[in-house]
Amino acid sequence: MTINIERKRNPLSSTQIQFLADIVLFVGIVWALMPQATGIPLHEWGSLLVIIPFLVHLVLDWQWIISVTKRFLKRQPGEVRFNYFWNWFQFVMMVIASFSGILISNAVLPTLGIPIVVDPFWLEVHLFSANSVMIMLGVHLAMHWQWIIVNFKRYILHYGTKNGVAA
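What you are looking at is a predicted structure, and each value in this text was computed from that prediction instead of being measured.

Draft legend 1. Examining the overall build of the chain more closely. Counting its secondary structure elements, the chain contains nine helices and zero strands. Going from N to C terminus, the chain has its helices and strands arranged as α-α-α-α-α-α-α-α-α. Burial statistics for the chain: of 167 residues in total, 29% are counted as buried. Restricting to contacts in the chain with at least 6 residues of sequence separation, those with at least 24 account for 62%. Summed over its atoms, the accessible surface of the chain is roughly 12000 Å², and 70% of this surface lies on carbon and sulfur atoms.

Written out as structure tokens, the structure reads:
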């Protein structure tokens, strides 16, 4: 006699989805910011792929963006205002790094049949903006460190101990 036991899988909460998307985004950005380690072709194609978890991150944070924008002129804690400005500044630098990266592409554009001549100006803009993004990512992580630790313990460590894996 065979007993069929079905486990109910709880759907992921929005916080779990956000946490997993943020892990993928972080790994992707770190990977994209290391062309010396990955090589230019992987750097360029990987940078394009990072757009997906980045858009997921924006969609999941969209309510926060809207709510802070709506009450921007009202009294808010300094931390919220700084976070808001920092996120916008980081977004602008990521767009500049992406745009300039496309303009100096040695792998993606030629693969698509688009010949390019690298302009040293755009190379400098790309290097500056990419290095700025790296620093800004560190500050962004520091600002959200409590949330990262809480969710790491909740979803990673808890999952490991719940499934018999020593964490």
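From this point, the narrative continues.
Draft legend 2. Looking closely at the confidence of the model for the chain. On average, residues of the chain score 85 in pLDDT, and 88% of them reach the 70 mark or higher. For the chain, per-element mean pLDDT is lowest for helix α9 (residues 145–162), which scores 79, and highest for helix α8 (residues 120–143), which scores 94.

Draft legend 3. Structural view of the packing of helix α5 (residues 62–70) against helix α6 (residues 78–103). Packing of α5 against α6 brings their axes to within 11 Å, and their N-to-C directions diverge by 115 degrees. Of the two possible hands of crossing, α5 and α6 adopt the one that is left-handed. On the side of α5, the interface is formed by Trp64, Ile65, Val68 and Thr69, while α6 contributes Val80, Asn83, Tyr84 and Asn87. Grouping the constituent residues of the contact of α5 with α6 by class yields five nonpolar, three polar and no charged.

Draft legend 4. Broad picture of the packing of aromatic side chains. Scanning the model with the defined rule gives 13 aromatic pairs in all. Both rings, one in Phe72 and one in Phe85, keep their centres 5.6 Å apart while their planes meet at 80 degrees; by these two values the pair is edge-to-face. Linking Phe72 in the loop between α5 and α6 with Phe85 in helix α6, this pair joins segments that are 13 residues apart in sequence. Grouping aromatic residues by their ring pairs yields a cluster made of Phe54, Trp64, Phe72, Tyr84, Phe85, Trp88 and Phe91. Lying over the aromatic face of Phe72, Arg81 brings its terminal NZ or CZ to 5.2 Å of the ring centre.

Draft legend 5. Molecular detail of helix α3 (residues 40–49). Turning to α3, its buried residues are His43, Glu44 and Gly46. Lining the buried residues of α3 we find α1 (14–32), α2 (35–38), α7 (108–111) and α8.

Draft legend 6. Region of interest: the packing of α6 against α8. Across the interface, α6 lies against α8 with an axial gap of 8 Å and an inter-helix angle of 150 degrees. With respect to α8, the axis of α6 lies roughly antiparallel. Between α6 and α8 lies a crossing of left-handed hand.

Draft legend 7. Main features of the side chain of Asn151. With respect to the helices, strands and loops of the structure, Asn151 is situated in helix α9. In this structure the side chain of Asn151 is engaged in a polar contact, spanning 2.8 Å, whose partner is the backbone oxygen of Trp147. Discounting chain neighbours no more than four positions away, the residues touching Asn151 are Thr15, Phe19 and Ile156.

Draft legend 8. Region of the structure containing helix α4 (residues 51–60). Taken as a whole, α4 has its buried residues at Pro53, Phe54 and His57. Buried residues of α4 fall within an arc of 105 degrees about the axis and therefore sit on the same side. In α4, the exposed positions angled more than 90 degrees off the buried face are occupied by Ile52 and Val59. At its buried positions, α4 is contacted by α1, α3, α6 and α8.

Cut-offs and rules
The residue numbers shown here count from 1 along each chain, following its written sequence. A pLDDT threshold of at least 70 governs which residues receive local features in this predicted model, and a stricter bar of 80 or more applies before side-chain atom pairs are shown or counted, although totals over entire chains, interfaces and linings include all residues. Values reported for side chains reflect all heavy atoms of the structure, with hydrogen atoms and water molecules removed beforehand. Helix and strand labels come from DSSP, where a helix needs a run of H or I of at least four residues and a strand needs a run of E of at least two; each type is numbered from the N terminus. Per-residue accessibility, obtained with a 1.4 Å probe over protein chains only, is compared with the maximum for each type, and a residue is labelled buried under 20%, exposed over 50%, and partly exposed between these values. Here a residue-residue contact requires only that any non-hydrogen atoms of the pair lie within 4.5 Å. For accessible areas, the Shrake-Rupley method is used with a probe of radius 1.4 Å. Any residue's cover is judged against the shown protein chains and nothing else. Values of pLDDT, ranging from 0 to 100, describe the predictor's confidence in every residue of the model. Only the stretch in contact is used when a helix axis is fitted, and all axes are lines through C-alpha atoms; the angle between N-to-C directions ranges over 0 to 180 degrees. Handedness of a crossing is defined here by the sense of rotation of the near helix relative to the far one, left-handed for an anticlockwise turn of less than a right angle and right-handed for a clockwise turn. Residues are grouped as follows: nonpolar covers Ala, Val, Leu, Ile, Met, Phe, Trp, Tyr, Cys and Pro; charged covers Asp, Glu, Lys and Arg; every other residue, Gly included, is treated as polar. Each Phe, Tyr or Trp ring (for Trp, its six-membered ring) is paired with any other whose centre lies within 6.5 Å, and the angle between the two planes then decides the class: stacked below 30 degrees, edge-to-face above 60, tilted in between. Criterion for a charge above a ring: Arg CZ or Lys NZ at most 6 Å from the ring centre, at most 35 degrees from the ring normal. The labels follow the angle: roughly parallel below 35 degrees, roughly antiparallel above 145, roughly perpendicular from 65 to 115, and oblique for the rest. We define a polar contact as two N or O atoms separated by no more than 3.5 Å, with the added condition that, inside protein, one atom must be a possible hydrogen donor and the other a possible acceptor, whereas residues neighbouring each other in sequence contribute only through side-chain atom pairs. Relevant arc is that of directions from the helix axis to the C-beta atoms, nothing else.

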